[in-house]
Amino acid sequence: MTHDDRGLKGLNNPDYPIPEELQSTIAVTSLDRIYNWTRAKSMWPLLFGLACCAIEMIATAASRYDLSRFGMEVMRASPRQADLLIVSGTVTKKMIVPIVRIYNQMPEPKYVLAMGACASGGGPFKEGYNVVSGIDTFIPVDVYVPGCPPTPQALMHGFLTLQKKIESQSLRTVPWYRSGESEAIPVPILGPDIIDPRQADLIRRHAEQAAASRDTTTPAPTEA
Amino acid sequence: MAEKPVAEQAGVAAPDPVAEILAALSEQYPDAVQADTRKGYSGIVVRPEKLVEVATALRDQLGYDYLSSATAVDYLGKGDHLEMVYHVYRIRQGGPALVFKALTPRVSATLPSLISVWPGADLQEREAYDLMGIRFEGHPNLKRILLWEGFNGHPLRKDWKEAYYEQDQKPFDSRWPGGKVHRAEENNPYGRNVSYPDDFTLEGYTPPDENSIYAGLGMGVSMQELASPGLETERLIVNLGPHHPSTHGVFRMIVTLNGETIESLEPVMGYLHRNHEKIGERNTFIQNMPFTDRLDYISSMSNNFGYAMAVEKLLALGARYQPPPYRAEVIRVLMAEFTRVVNHLWAIGFLLNDLGAFFTPALYAIGERELILDFFEATAGSRLMCNYMRFGGVFKDLPERIQGIPLLTNDRVRNEPTMDFLDSLINERLPRAVDELDRYLTKSEIMITRCEGVGVLPPEMAIAYSTAGPVLRASGVPYDIRRSDPYSIYPELDFDVAVRYNGDIYDRYLIRLDEIRQSIRILKQLLPRLRETEGQPIISGTKAYSPRVPEGEAYGRVENPKGELGFYVISDGGQNAWRYHVRAPSYINLTALSEMCKGHKIADVVAVLGSIDIVLGETDR
Ligand code: SF4
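Residues numbered from 1 in each chain as written. Chains lettered and ligands numbered in written order. Predicted model: local features only at pLDDT ≥ 70, side-chain atom pairs only at ≥ 80, totals over all residues. Heavy atoms only, no water.

A. Up close: helix α10 (residues 326-355) of chain B. Residue and element names in this part refer to chain B. With 30 residues, α10 should cover 44 Å at 1.5 Å per step; its first-to-last C-alpha distance of 43 Å lies within 8% of that length. For α10, the tally of buried residues reaches 30 of 30 residues, placing the bulk of the element in the interior. Just downstream of α10, Gly356 is the residue with a positive phi angle, here 110°. (Helix = DSSP H or I, 4+ residues; strand = E, 2+ residues; numbered from the N terminus. Expected span 1.5 Å × (residues − 1). Buried < 20%, exposed > 50% of the residue type's maximum accessible area, 1.4 Å probe, protein only.)

Following this line, the structure appears as structure tokens:
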């Protein structure tokens, strides 16, 4: 962490007057503030690429765009060591199963950045039979970055937006410091099509309706 | 040199090989073969019962030793049969493809497997089984490959409909001219991209066990043969991927180990299967161009090239077709060769990653790539997904100047005439970058010990397994489509086909350096051509958004950085392709992966994979 004035002054939250000779080393601040400050400036993204967008993600990490300027260059290959999941590409039904597992394996606090049109909503391949319409149908997303693929500048803007979001959080309200265990996302199942266990009821209702309409030959309402 | 009728050079007047072959074959198999006489079609139709025999004769007697592409077509409502289409080549002589086909009914579709003739048919037949539902008798491992076991139906069949299905053809009436855009989710009862069979319930449903994937792996291999004498080892099944830093994307391999030695390896893919072909058959011809960018997303420009060529072949069947103007061909080759440089730099950088030199070599290797991307961006508007070529040319001429916008504080803002930029890039920067890589890496002790003699692919095997591109040429087979079946302006350009003879990782690394140097040689010859043709047209005919594509079939192929990229396109005279298939080099090169890895150590797997250089967008499509 650099000891530059801007950083520390920014940290001096209640604007407590500090003698000039100590300004480069001392700040008076709140717990939230210093906690978020350290978190935001040392994110460890998961080393995880999905599709074309991952190529731009790599370019963002390389020399010209240099992600390390934001303290985000330590990419970890293991989800256990990462706190940011960059979903960089098309999410397929076959892949969503491992992705949810990976997300569940990441320790809290954790954040998700949906990079590009595909991860945000299905993108150009949305109508495909093996494509999930956006990662947010399964796991919560913090920042969406538009583009196909987003340019490195756009991705960096996404990172900065995430940092802002983190800086505005409070230890009191973030979900991961509530008492009790946080719930894991149920892992989807590969059936005749992808099955989200959270939709089990809906699927049963539709099967019942379909069965009823087969028995009575009266058409059942198609809309749930 | 200007105004050369380019298309004419590409051997249009050559004698028709099909008639000759057909004559030779019908002597031996009088009832089994006949010419394909449908309008716009060519090639031979073979009776399924004789398929293996005819294929063997083609290989052994007529010299067609290389199976390039095998794919299925569904002729629903047009004869109601499924058809398997094979493209084979003579790899030593070169020349165009011989096409042969076998028909099978749509219900209980079955054909004999050609794996015994060309082992390279392996993954392609599995794909046809998965997506079209053709059973291949005699295939040792006929399982789904891109989708999962238990998936409902075979999606590339014409009567198979997705959850978000709206209409067979784009543009959808609701959007154009209707203008009533809706979100596909709104019409789906689950609000998602899912649909289940009517009688499907979760109760009593047991999802397929992951263990079934592992069952039967590595069986029938003698542990003792591989083990060092006196050393007790254990059989172990290790799963690499789909999330793994060295699988170049979401690729998965299941490796059976004896101690640390690899007994067998099974690739598992489909984690990025984004239904490119199904979507491509719904798009109008021109709408599909941007989708080809996303196949091999490192080489979007040359993907465009291949697709444009395939559709141009179809257009050439019509009366009013004009080939692309000369300047357009020069620009296309310029883009394709730049792409090759980009791709090989990337491949070398990331091979080093896989060898354990984490990221530093890659940073050096992809430095120059940014300059080329700047040029792409200035020309086509995008760094990666260029969507640059059109049928009959390219959509825009090179810009006058390459200008930068000061987006980054440490970026040098560029503003210079395009030709000056290209001059210095091609004559100075790129050669310097290659020499630098060469100097740092080639003699490196680590490179040599990790790569020499590892992952060897002998030439006969490289041909049998249908490998293409640098993988094939590093095994001593000098096959390069730019020379063997020339297209565009390659005949008038001076370059050598790079070839290496050991077929190991080291040679596959070296050949990429060689190919970058050859590409630079080509690029240098393009500079004067660009200057001479300045101001000339860059596209022929009208810039129609939906050209009328005559009925027929066409196979357009280019020498992509990763190997032969082929587009098999069938038009029924409508707005969109009836069948659109991509022969993806990354996918087919993987057929040989298992053979290359056997007997090596587990740590070598990622290096071998890195040396094949795959990209998942194209592998899974
Ligand atoms: S948003 Fe575009 S570039 Fe990114 S993964 Fe999807 S198709 Fe590829």
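B. Quick look at the site of the ligand. Around the ligand, a shell composed of 15 residues is seen, among which A:Cys52, A:Cys53, A:Ala117, A:Cys118 and A:Cys148 lie nearest. Residues within reach of the ligand are spread across chains A and B. Considering each element in turn, the shell around the ligand owes the most residues, three residues, to helix α5 (residues 116-121) of chain A. Of the residues contributing to the shell around the ligand, the split by class is nine nonpolar, four polar and two charged. (Near = heavy atom within 4 Å. Nonpolar A, V, L, I, M, F, W, Y, C, P; charged D, E, K, R; others polar.)

C. Broad picture of the sheet that holds strand β9 (residues 252-258) of chain B. All names here are of chain B. Spatial strand order, β8-β9-β10: three strands in an open sheet with antiparallel pairing. Edge strands, defined here as strands with exactly one partner in the open sheet, are β8 (235-240) and β10 (261-268). Each adjacent strand pair in this sheet contributes to an overall mean axis angle of 20°, direction not counted. Packed on one face of the sheet, helix α21 (residues 602-612) meets β8, β9 and β10 and runs near 145° to β9. (Pairing = 2+ DSSP bridges. Axes fitted to C-alpha atoms, helices over the stretch in contact; angles between N-to-C directions. Contact = heavy atoms within 4.5 Å.)

D. Summary view of the side chain of B:Thr379. All names here are of chain B. Along the polypeptide, Thr379 turns up in helix α12 (residues 367-380). We classify Thr379 as buried; its relative accessible area is 0%. Separated by 2.8 Å, the side chain of Thr379 and the backbone oxygen of Phe375 make a polar contact. Beyond its immediate chain neighbours, meaning those up to four positions away, Thr379 contacts Met335, Tyr388, Lys396, Asp397, Leu398 and Pro399. (Polar contact = N/O pair within 3.5 Å; in protein donor to acceptor, adjacent residues only side chain to side chain.)

E. Looking closely at the pairing of β10(B). Residue and element names in this part refer to chain B. Within β10, eight of the eight residues are buried, which leaves the element mostly enclosed by the surrounding structure. Where β9 and β10 come together, seven bridges link them in antiparallel fashion. From the neighbouring strand, Leu257 faces β10, where its bridge partner is Ile262. What sits between the antiparallel neighbours β9 and β10 is a turn of two residues, in which Gly259 has the positive phi angle 65°.

F. Summary view of the pattern of salt bridges. Residue and element names in this part refer to chain A. Per the counting criterion, the structure on display carries 55 salt bridges over all chains. Taking the shortest distance from any N to any O, the salt bridge between Asp142 and Lys165 comes out at 2.8 Å. Here Asp142 is found in the loop between α5 and β3 (143-145), whereas its partner Lys165 is found in helix α6 (residues 152-167), with 23 residues between them in sequence. By relative accessible area, which is 30% here, Lys165 ends up partly exposed. (Salt bridge = Lys/Arg side-chain N within 4 Å of Asp/Glu carboxyl O.)

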